[in-house]
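# Survey of secondary and tertiary structure
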Amino acid sequence: MVNLAEITETIPIPEGVTVTIDGSDVTVKGDGGEIKRNFNHNNITVSKDDDEVTVSVAFPNKKDKAMVGTIRSHIANMIYGVKHGFTYKMKIVYAHFPMTVKVKGKLVTIDNFLGERNPRTAKIIGDDVKVSVKGDNVTITGVNKEHVGQTMANIEQATKIKGRDPRIFQDGIYLVDKKQEEMDE
């Protein structure tokens, strides 16, 4: 019989990964690095058994049920990130003016975009994210999925074209591939 008074989701912890829970703070350490997040939600409890993390809520309403699944996904992404990492690949596309893309510290600089004199910049989020440019390929790697994804979005938005016909001016830097294997559940 299913207990409707409680909803529970579990995440297995693979070998080589350690999970520490201190109140609502969850820290995941692995070969790739360390990620720490706070999951402070009123009714939801996060606990750790021997080889799995449990996210549960007693007497849930609709929002609590959704939040259990969300927190479970975030913790699963943290575990996957420190074990394998995330890699996003982007392609530099231009037809009119050859643009140059360089990484300077925590910024990605895009020069000569559509012949503009001023360079456009995109911020690299997080200390664990690495951006490399080789030819017309941009590779973004890191252990935190949210930081890698936000950095990719910043680069894509920096080359957004306004006030011109998008069918003609298709220049920009676009996402081509996300490398991530599905975790076994």
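Everything below is about the structure printed above this text.
Remember, it's a predicted structure, so these values are computed and weren't measured experimentally. (Residues numbered from 1 in each chain as written. Predicted model: local features only at pLDDT ≥ 70, side-chain atom pairs only at ≥ 80, totals over all residues. Heavy atoms only, no water.)

Turning to the overall build of the protein, a few remarks are in order. The helix and strand inventory of the protein stands at two helices and 13 strands. On C-alpha atoms alone, the protein measures out to a radius of gyration of 21 Å, which is more than a quarter above the 16 Å that the 2.2 N^0.38 rule sets for 185 residues. Reported as C-alpha extents along the three principal axes, the dimensions of the protein are approximately 65 × 35 × 25 Å. In the protein, which comprises 185 residues, the proportion classed as buried is 33%. (Helix = DSSP H or I, 4+ residues; strand = E, 2+ residues; numbered from the N terminus. Rg over C-alpha atoms; globule rule 2.2 N^0.38 Å. Buried < 20%, exposed > 50% of the residue type's maximum accessible area, 1.4 Å probe, protein only.)

As a further point, take the side chain of Asn144. Along the polypeptide, Asn144 turns up in the loop between strand 12 (137-142) and helix 2 (145-158). We classify Asn144 as buried; its relative accessible area is 14%. Within the structure, the side chain of Asn144 is placed 3.1 Å from the backbone nitrogen of Glu146, a separation counted as a polar contact. With residues near it in sequence (within four places) discarded, Asn144 still touches Ile35, Phe86 and Asp128. (Polar contact = N/O pair within 3.5 Å; in protein donor to acceptor, adjacent residues only side chain to side chain. Contact = heavy atoms within 4.5 Å.)

Moving on, we get to helix 1 (residues 62-83). Since one α-helical turn is 3.6 residues long, residues separated by three or four positions face the same way. For helix 1, which comprises 22 residues, the first-to-last C-alpha distance of 32 Å matches the rise-based estimate of 32 Å (1.5 Å per residue) to within 8%. Measuring from the side-chain oxygen of the N-cap residue of helix 1 to the backbone nitrogen of Lys63 gives 3.2 Å; that N-cap residue is Asn61. Just beyond helix 1, the residue with positive phi is Gly85, at close to 90°. (Expected span 1.5 Å × (residues − 1).)

So, about the sheet that holds strand 1 (residues 6-12). Strand order in the open sheet formed by three strands is 1-6-5, with antiparallel pairing between adjacent strands. Each edge of the sheet is formed by a strand with only one pairing partner; in this case those strands are strand 1 and strand 5 (44-48). Sheet twist, expressed as the average angle between the axes of neighbouring strands with direction ignored, equals 20°. Strand direction decides the pairing type here: strand 5 and strand 6 (residues 52-58), joined by five bridges, are antiparallel. The residue of strand 6 that forms the bridge with Lys48 is Val53. Those strands touched by helix 1 are strand 1, strand 5 and strand 6, and its axis lies near 10° from that of strand 1. (Pairing = 2+ DSSP bridges. Axes fitted to C-alpha atoms, helices over the stretch in contact; angles between N-to-C directions.)

What follows concerns the pairing of strand 3 (residues 25-29). Here strand 2 (residues 18-22) pairs with strand 3 via five bridges, running antiparallel. When the sheet's bridge partners are listed, Ile21 is paired in strand 3 with Val26. Count of turn residues in the strand 2/strand 3 antiparallel hairpin: two residues, of which Gly23 carries a positive phi of about 70°. Note that strand 3 and strand 4 (residues 34-38) share five bridges and pair antiparallel. If you follow Val28 over to strand 4, its bridge partner there is Ile35.

Excluding glycine, residues mostly carry a negative phi; peptide bonds, for their part, are mostly trans. Phi at Phe59 takes a positive value of approximately 50°, unusual for a residue other than glycine. Relative accessible area serves as the criterion here: at 70%, Phe59 is assigned to the exposed category. Although it is not a glycine, Asn112 sits at a positive phi angle of roughly 60°. Within the fold, Asn112 resides in the loop between strand 9 (107-111) and strand 10 (120-123).

By themselves, these are just geometric observations and shouldn't be taken as functional.
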